[in-house]
Amino acid sequence: MSDTRYLDRGTPPERFARGWHCLGLATAFGDGRPHAVEAFGGKLVVWQDSKGEINVLDGYCRHMGGDLTQGTVKGDEIACPFHDWRWGGDGKCKAIPYARRVPLRARTQKYPVVVRNGQVLIWHDVEGSAPDLDILPPVLPGIGTDEYTDWTWEVLDVPTAHCREIIDNVVDMAHFFYIHFAFPTNFRNVFEGHMATQFMESTGRPDVDGAGYGDEGLMLKSEASYFGPSYMVNWIHVDYKGFETEVVLINCHVPTSDNSFKLQYGVCVKKPEGVDDATAEYIGKRYSETFKEGFEQDVAIWLNKAPVQNPLLCEEDGPVYQLRRWYEQFYVDRADVTAEMTDRFEFEVDTTKANEFWQEEVAENLRKKAEEESRPADEAAAASSSAMTNG
Amino acid sequence: MASFVPTSADTLEDQRLYTRARLTEVACLDCLATVGVKKNSEHHTSIQWTAEARAHCPELSRRANGRDSHYACPRMIASIEAAVREDRIPIGAEDGY
């Protein structure tokens, strides 16, 4: 038997996760036109009707497969561009303008919709269950009022990775140092039911011109919870050089195939006292840019890494296997969810040794950097003094 | 049916090692909850609850489903610390698990 460690890539699931998935800000769909959203291996059509309700159906007409996202909103229905079949938000065909009657079987795939915190959430379950309203993400107090800035919203395409890669971040203490240039000084996880939480305290690395988490003056206290398989609320208390801000970051995704997903994130900040609205919105945008850099750092890794079903862990790593056991519940039939997947599990990572080693590494980097910075100055000085003697 | 399927039997053994091996039972000193505990070092703690233990814990039950339900039960933490002091929990990892 070889003692070489085998990397088990595993095989990705054949289904998409059961649960609430966020499609974006409700305001993005409010213009009375159909919108296309790539999701679950296909395309969805999203539109707002005259009552202000947002509707989501499968994007292709059950008649001859016309693309409903290129259709027109007529009254409360979406009309197919091919033969004008009219589909209601309940999934039923309401009218066929040239037909004597509508076939009884004219029902298409509809996705139950809830607008929460200004965001459109849809329920997805391959078993076709009724939407589970008890496991919706929480209503965020103060958000949508004058107390907070408006949501920013960005989408990043991740064309060649399974969305489990982003889930793994929940437990990945060490990547915050290497990828996001921060010292995670405190790191805990709790998984229970449909929720998985990460607590982290971090400070930026002084040896890297780090944007994002890596800004030297940045101290974060972060509490991030997944509510189901794809929607995370991250409450972040930021202390930036003594200036404190409460930031709420939504990090969510929609799987587009078994090897791709769209990562979406939105930020709003509690308006600091004595700061006018324009400045507060600016602060929100700056945080959004900060997290953009963070997510791009992650994406760069995901696009090149191998999937790993058997990660090899060291003592400083977080509970990857327990997290994946929790995540598994969304990929099996309801009847097959086991107690282990949802039972409460708590894990505190020992960050002490890691931080000792990292402090040494950073000190060494700073020393080298100082050396490099002083060298060209010496050379320049030498060059200029020789020029003077020659002149 | 499993979803993310390993391609090697060794992976199943890894799953068992990382999630189930070396758990020591610790009973709460204040309620009837008993949990599985592992300590890879002084500062590391892994706590595996069961539905039964969870139902016994008045502290966690009281918190319902709000954000504070993420925090550990201080009584259970104290019980684990007592077990550590009494050398009932081995401290140290075995090749990373």
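Residues numbered from 1 in each chain as written. Chains lettered and ligands numbered in written order. Predicted model: local features only at pLDDT ≥ 70, side-chain atom pairs only at ≥ 80, totals over all residues. Heavy atoms only, no water.

Caption draft 1: Representation of the overall build of chain B. Helix and strand counts for chain B come out as four helices and three strands. Taken from the N to the C terminus, the helices and strands of chain B come in the order α-β-β-β-α-α-α. Once the C-alpha set of chain B is aligned to its principal axes, its extents read approximately 45 × 35 × 20 Å. In chain B, buried positions account for 47% of the 97 residues. Long-range pairs, those at least 24 residues apart, make up 44% of the contacts in chain B with a sequence separation of at least 6. A total of about 5200 Å² of accessible surface is found on chain B, and carbon and sulfur atoms cover 52% of it. The centroid of the 12 positive side-chain charges in chain B is displaced by 7 Å from the centroid of its 14 negative side-chain charges. (Helix = DSSP H or I, 4+ residues; strand = E, 2+ residues; numbered from the N terminus. Buried < 20%, exposed > 50% of the residue type's maximum accessible area, 1.4 Å probe, protein only. Contact = heavy atoms within 4.5 Å. Areas by Shrake-Rupley, 256 points an atom, 1.4 Å probe, with all protein chains shown as cover. Lys, Arg positive; Asp, Glu negative; His and termini not counted. Charge placed at Lys NZ, Arg CZ, Asp CG, Glu CD.)

Caption draft 2: Expanded view of the sheet that holds strand β1 (residues 19-25) of chain A. Residues and elements named next belong to chain A. Spatial ordering of the open sheet is given by β1-β10-β9, a layout of three strands whose pairing is antiparallel. The open sheet has two edge strands with one neighbour each: β1 and β9 (113-116). On average, adjacent strands in this sheet sit at an angle of 30° to one another, irrespective of strand direction. Here six bridges tie β1 to strand β10 (residues 119-124), and the two strands are oriented antiparallel to one another. Within β10, the position partnered with G19 by the bridge is H124. (Pairing = 2+ DSSP bridges. Axes fitted to C-alpha atoms, helices over the stretch in contact; angles between N-to-C directions.)

Caption draft 3: Seen up close, the interface of chain A and chain B. At the junction of the two partners, chain A supplies 44 residues and chain B supplies 35 residues. Approximately 3600 Å² of surface area, both sides summed, lies buried where chain A meets chain B, with 46% of it carried by carbon and sulfur atoms. Per-residue buried area on chain A facing chain B is highest for E315, R344 and E346 of chain A; these three make up 18% of the total on that side. Here chain A is connected to chain B by four salt bridges. Between R5 of chain A and D14 of chain B there is a salt bridge; the shortest N-O distance is 2.8 Å. (Buried area = accessible area lost by both parts, 1.4 Å probe. Salt bridge = Lys/Arg side-chain N within 4 Å of Asp/Glu carboxyl O.)

Caption draft 4: Quick peek at the packing of aromatic side chains. Under the defined criterion, the tally for this structure stands at 23 aromatic pairs over all chains. Relative to F187 of chain A, the ring of F176 of chain A lies with its centre 6.4 Å away and its plane at 55°, an arrangement referred to as tilted. Note that F176 of chain A is positioned in helix α2 (residues 175-178) and F187 of chain A in strand β12 (residues 182-192), a separation of 11 residues in sequence. One exposure class covers both F176 of chain A and F187 of chain A, and it is buried. Residues W326 of chain A and Y327 of chain A carry aromatic rings whose centres are separated by 6.4 Å and whose planes lie at 25° to one another, so their mutual orientation is stacked. We classify W326 of chain A as buried; its relative accessible area is 1%. According to the relative accessible area criterion, Y327 of chain A is buried, its value standing at 1%. Chaining the aromatic ring pairs together yields one cluster made of W326, Y327, F330 and Y331 of chain A together with F4 of chain B. (Phe/Tyr/Trp six-rings, centres within 6.5 Å; stacked < 30°, edge-to-face > 60°.)

Caption draft 5: Main features of the packing of helix α4 (residues 320-328) of chain A against helix α1 (residues 9-20) of chain B. Relative to each other, α4 of chain A and α1 of chain B sit at 105°, their axes nearing to 8 Å. As far as their axial angle goes, α1 of chain B and α4 of chain A are roughly perpendicular. Contacts from Y321, Q322 and R325 of chain A of α4 of chain A reach α1 of chain B at D14, Q15, Y18 and T19 of chain B. Residue composition of the contact of α4 of chain A with α1 of chain B, by class: two nonpolar, three polar and two charged. (Parallel < 35°, antiparallel > 145°, perpendicular 65-115°, else oblique. Nonpolar A, V, L, I, M, F, W, Y, C, P; charged D, E, K, R; others polar.)

Caption draft 6: Molecular detail of the nonpolar core. Residue and element names in this part refer to chain A. By size, the foremost hydrophobic cluster in this structure holds 59 residues, and its most contacted members are L263, F291 and W326. The biggest single contributor to this core is helix α3 (residues 277-302), with six residues. Excluding residues that lie within four positions of it along the chain, W326 makes contacts with I167, F191, G193, H194, M195, A196, Y226, G228 and M341. (Core = buried A, V, L, I, M, F, W, Y, C linked by side-chain atoms within 4.5 Å.)

Caption draft 7: Summary view of the pattern of salt bridges. Taken as a whole and judged by the stated rule, the model has 37 salt bridges over all chains. Of the charged contacts, one joins K51 of chain A and D76 of chain A as a salt bridge, the two residues approaching to 2.9 Å between their closest N and O atoms. With K51 of chain A in the loop between β3 (42-48) and β4 (54-58) and D76 of chain A in the loop between β5 (72-74) and β6 (77-79), this pair connects stretches of sequence that are 25 residues apart. The exposure class of K51 of chain A is exposed, given its relative accessible area of 61%. Among the salt bridges present, the one from E59 of chain B reaches R63 of chain B, with a minimum N-O distance of 2.9 Å. Relative accessible area serves as the criterion here: at 11%, E59 of chain B is assigned to the buried category. Within this structure, D30, E59, R62, R63 and R75 of chain B form a network of salt bridges that share partners.

Caption draft 8: Molecular detail of the sheet that holds strand β17 (residues 260-269) of chain A. Ordered by their spatial adjacency, 11 strands build an open sheet running β11(A)-β17(A)-β16(A)-β15(A)-β14(A)-β13(A)-β12(A)-β18(A)-β3(B)-β2(B)-β1(B), and the pairing between neighbours is antiparallel. Whereas interior strands pair on both sides, the edge strands pair on one side only; in this sheet they are β11 (154-158) of chain A together with β1 (24-27) of chain B. Taking each pair of neighbouring strands and ignoring which way they run, the sheet shows an average axis angle of 20°. Where β12 of chain A and strand β18 (residues 345-348) of chain A come together, four bridges link them in antiparallel fashion. Its bridge partner being in β18 of chain A, R188 of chain A is matched across the sheet by E348 of chain A. Here helix α4 (residues 74-85) of chain B sits on the sheet in contact with β1, β2 (34-38) and β3 (45-48) of chain B, set at roughly 120° to β1 of chain B.

From the geometry alone we can't say anything about function, so treat these as descriptive.
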